[in-house]
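A closer look at the structure
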Amino acid sequence: MATFDDLLEEAGTFGRCQKRIFALLCLLSIPVSAVYVGIVFQGFTPDHWCRDAAVVERRQACSWSLSDSRRLTALVVNNSGVLQQSSCEQYEVDWNNTRLTCDSQELNLTNVPVTACKDGWEYQYEGRKSLVTEFNLVCSDAWLVDMYQSILNVGFLIGSFAFGYLADRFGRRVSIMMSNILNLIAGIVLAVVPNYISILVVRCIFGFGVKGGWMNGYVLLTEMVGAEYRRTVGIVYQMFFSVGNLILPLLAYYITDWRWLQVVITAPYLFFLPYYWFIPESPRWLISQKNTAKALEITEAMAKENKKKLSKNFETVTEDEGDSPSASLLDLFRTPNMRKHTFILMFNWFTSAVVYQGLIMRVGIAGGNVYIDFLISGLVEFPAAFLILITIERIGRRLPFAAANIVAGAACVITAFIPDSMFWFKTVVACIGRLGITMAFEMVVFVNTELYPTFIRNLGVSVCSTLCDIGGIVSPFLLYRLAFIWLELPLIIFGRFLTVRCIGKIHIALHRRQTTFYFGTTFSQPQNLHIPTHER
C-alpha cells in the first residue's frame, strides 16, 4: 500500500509547484523579524534627563544648548567608574522662585541637594518618538520596556500550542489564514491603543498570531516537499527571518514614530490574506484526516503544475507512521539516555533564545549608531545558514554545533573586555558571536528531531521548544537589568551559558548522519526515523 512519499515521488519532490509555494511561504518569515526584535527601535531609550519647566523656558529665551540647560538639572554621577550626568536625579532647586538669568548656566551647584525627577524627562532624540519617550519608561519604570518584549514571548508560547492544535484540527492552510487575519487586526490596534496596559494586552495577542502563522508556514512547507529537501527549505525559510533583520533598520531610520513603524510592520499581513487561494492544503494532513480523495486531487494538481503525471496505482494512500497516541510526557524521562537528552535539549532551546535575543537587543543599548550596528550584525546571519548546509553532511552535527557555541561564547566574553576605543575590533568580535549563536540556534531545531524515536519525536520537540519562548520571556530582564549594573555584564553571562552548552554536547551523539529527518514542531509529522534500542 502506497504512502504519500511514494505519491510525491511521481508528482515531483521539489518541482515548480513546490518552488512557488516555497517562495510565497518564505515571505511570511520576513515581518516576523520586525515583530520579534522591533523593540530595538520601537522601545529605544535615548539619552534623557530630568525636565524642569522653568529651565526649559529660560533655555528658549537665552538660546542655550541642551547641554547648557541640562547642567542646571542633571548632576554628575559615577556610573561604573565613568562620570556622567544623571538621568534620574535632579538638583532640588525651585527655579521658579530663583532669579534665573542667561548666565545662570555657570552657577556652582556642587553642594545643592538632589531629588528624583518630578516633572518628567527631556530626550535627545532629534524629533523621533519611541514607546519610551511617549510613556516615559525610564528610571524606575524602565522595567516596563522589558515587559513589552517579554509579553510578546508569552504570546509566542501560547500561540505555539494553540495553533498547533488548530492546524491539526482544521488544517495548515486555514490556520495560516486565521493567523494572518489576527495579525493584521492586532498589529493595527497595537499602533493606536492609547495606554500602556492596553498595549501589553494587544502585543500578547499579536505575538500569539505571529508565532502560530510562522510555525504553520514552516510545517506546511516541509510537508509539501520530498524528504531530501526538507532540511534545506527549512534552513532557507529561517534565513528569510534574517532578511527581515536587514529591512527593519532601514524602515526604522525613515519612520520616526514607533506607532507608524508598527503600521508598516503589520502591513505585509494584508498581502498575505490571498494566500488561502494560492496555496493548497497539505496532502499529508488530509491523509491523516482520512480525506484521501482530496489529497489525491491536490497531488494531481501539483503533478500537473510540475509537468508530471501520476500513475493509476494510487487509489488508496496510507498515512505514514507518526507519533503514537499513547506517547506521554513521562516517555521523555523514562530512561537515563532519554532523560539526559531531554534536559540538555531543553537547556539548549532556553539558552539559544536568551543569547540570540539578548545579543540583538544589546545593539540598542551599546551606544553606537543603532541603525548601522543593527544592519551590520544582521548581515552576519547569512553565512550561518550556508555553513550549516556545507558542514553537517560532511563532518556531522556534533563538531559544527559545538564549534558554533564555543565561538559564540568566546566572542561574548572577549567583547566584554575590549575597550570602547577599539570600536571596530569590538564590533567585529561581537558579529562573530552573533554568527555563532545564529548557527547554533538554527541547528538545535533539527538536531532536536534526530535525537528522539518516532513515537515521541513531536512530543519531545514540542516540550523542548517551549523553553525557547520561556527564554524569550527571561531575556529582556536579564539583558537590561544586568546592563544597568555594568553594560558588558550580560555578555559574561551569555558566554557562561554557551560554555555549559558545549559541555552538554559532549554527552549527545550528534554526529549520527541521517538521510532524512523533519524539522520538528508541535504538529504531527509522519516521518519515520529508526533509532536503535540502546539509544532510546
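Residues numbered from 1 in each chain as written. Predicted model: local features only at pLDDT ≥ 70, side-chain atom pairs only at ≥ 80, totals over all residues. Heavy atoms only, no water.

As annotated in an unreviewed UniProt entry, the chain carries the name Solute carrier family 22 member 3 and comes from Sparus aurata. Looking at the chain in UniProt, the text filed under Sequence similarities (unreviewed entry) is "Belongs to the major facilitator (TC 2.A.1) superfamily. Organic cation transporter (TC 2.A.1.19) family." (UniProt positions renumbered as here; feature names shortened; annotations may be inferred.)

A few words on the overall build of the chain. Summing up its helical and strand segments, the chain has 22 helices and eight strands in all. Here the chain holds 536 residues, and 57% of them are scored as buried. Of all intrachain contacts in the chain linking residues separated by at least 6 positions in sequence, the fraction that spans at least 24 positions is 81%. Total accessible area on the chain is roughly 22,800 Å²; 64% of this is exposed by carbon and sulfur atoms. (Helix = DSSP H or I, 4+ residues; strand = E, 2+ residues; numbered from the N terminus. Buried < 20%, exposed > 50% of the residue type's maximum accessible area, 1.4 Å probe, protein only. Contact = heavy atoms within 4.5 Å. Areas by Shrake-Rupley, 256 points an atom, 1.4 Å probe, with all protein chains shown as cover.)

This part takes up the packing of aromatic side chains. For any pair of aromatic rings, the description consists of the separation of the ring centres together with the inter-plane angle of the planes. One pass over the structure, following the stated rule, counts 25 aromatic pairs. Through successive ring pairs, a cluster of aromatic residues spans Y36, F156, F241, W349, Y356 and F441. R173 extends its terminal NZ or CZ atom over the ring of Y276, reaching a point 4.2 Å from the ring centre. One Lys or Arg, R203, reaches over the ring of Y148 and ends 4.0 Å from the middle of that ring. (Phe/Tyr/Trp six-rings, centres within 6.5 Å; stacked < 30°, edge-to-face > 60°. Lys NZ or Arg CZ within 6 Å of the ring centre and 35° of its normal.)

Our next topic: the nonpolar core. Core analysis: the biggest nonpolar cluster contains 127 residues, and L25, F41, Y148, Y237, W349, F374 and F494 have the highest contact counts within it. Grouped together as the second largest cluster of nonpolar side chains are 10 residues, V55, W64, L72 and L109 included. (Core = buried A, V, L, I, M, F, W, Y, C linked by side-chain atoms within 4.5 Å.)

Attention shifts here to helix α17 (residues 370–379). The complete set of buried residues in α17 reads V370, Y371, D373, F374, S377 and G378. Taken around the axis of α17, the buried residues stretch over an arc of 170°, which confines them to a single face. Measuring from the side-chain oxygen of the N-cap residue of α17 to the backbone nitrogen of Y371 gives 3.1 Å; that N-cap residue is N369. (Arc of directions from axis to C-beta. Polar contact = N/O pair within 3.5 Å; in protein donor to acceptor, adjacent residues only side chain to side chain.)

A word on the state of the cysteines. Taken as a whole, this structure holds two disulfides when the rule is applied. Between the sulfur atoms of C50 and its disulfide mate C117 the distance is 1.7 Å. In this structure, the disulfide formed by C50 and C117 twists by about -60° around the S-S bond and is classed as left-handed. Taken together, the residues span a long stretch of sequence, with C50 in strand β2 (residues 47–50) and C117 in the loop between β6 (114–116) and β7 (121–124) at a distance of 67 residues. The two residues C50 and C117 agree in class, both being buried. (Disulfide = S-S within 2.5 Å.)

Another point: helix α18 (residues 381–395). Under the 1.5 Å per step criterion, the end-to-end length of α18 is 21 Å for 15 residues, consistent within 8% with the ideal 21 Å. Looking at α18, one finds that the buried residues are E381, F382, A384, A385, I388, T391 and I392. (Expected span 1.5 Å × (residues − 1).)

This paragraph deals with empty space enclosed by the protein. This structure, assessed with the given rule, holds five cavities of 30 Å³ or more. Its boundaries defined by the atoms lining it, the largest cavity holds a volume of some 630 Å³. Looking at the largest cavity, it is lined by 30 residues, and the ones nearest its centre are K211, W214, W349, F441 and C468. Among the secondary structure elements, those contributing two or more residues to the lining of the largest cavity are α2 (16–37), α7 (143–170), α9 (196–224), α10 (227–254), α16 (336–362), α20 (423–450) and α21 (457–485). Counted by class, the lining of the largest cavity contains 15 nonpolar, 11 polar and four charged residues. If you count residues domain by domain, the lining of the largest cavity takes at least three from each of domain 1 (1–46 + 130–318) and domain 3 (329–513). Its volume calculated, the second largest cavity comes out at about 70 Å³. Lining the second largest cavity are F41, Q42, Y125, R128, K129, A252, I255, T256, D257, W258, L261 and Y371. Looking at the lining of the second largest cavity residue by residue, the class counts come to seven nonpolar, two polar and three charged. (1 Å grid on protein atoms, 1.4 Å probe; cavity = no way out; pocket = protein on both sides within 12 Å on 5 of 7 lines; lining within 4 Å. Points joined across faces, edges and corners; volume = space filled by probe spheres on them. Nonpolar A, V, L, I, M, F, W, Y, C, P; charged D, E, K, R; others polar. Domains from an automatic or database assignment.)

With that out of the way, let us pick up unusual backbone geometry. A positive phi angle, close to 55°, is found at N136, a residue other than glycine. Relative to the helices and strands, N136 is located in the loop between α6 (131–135) and α7. Unusually for a residue other than glycine, K307 sits at a positive phi of about 60°. In this fold, K307 is placed in the loop between α15 (292–305) and β8 (317–318). Using a relative accessible area of 70% as the deciding quantity, one classes K307 as exposed.

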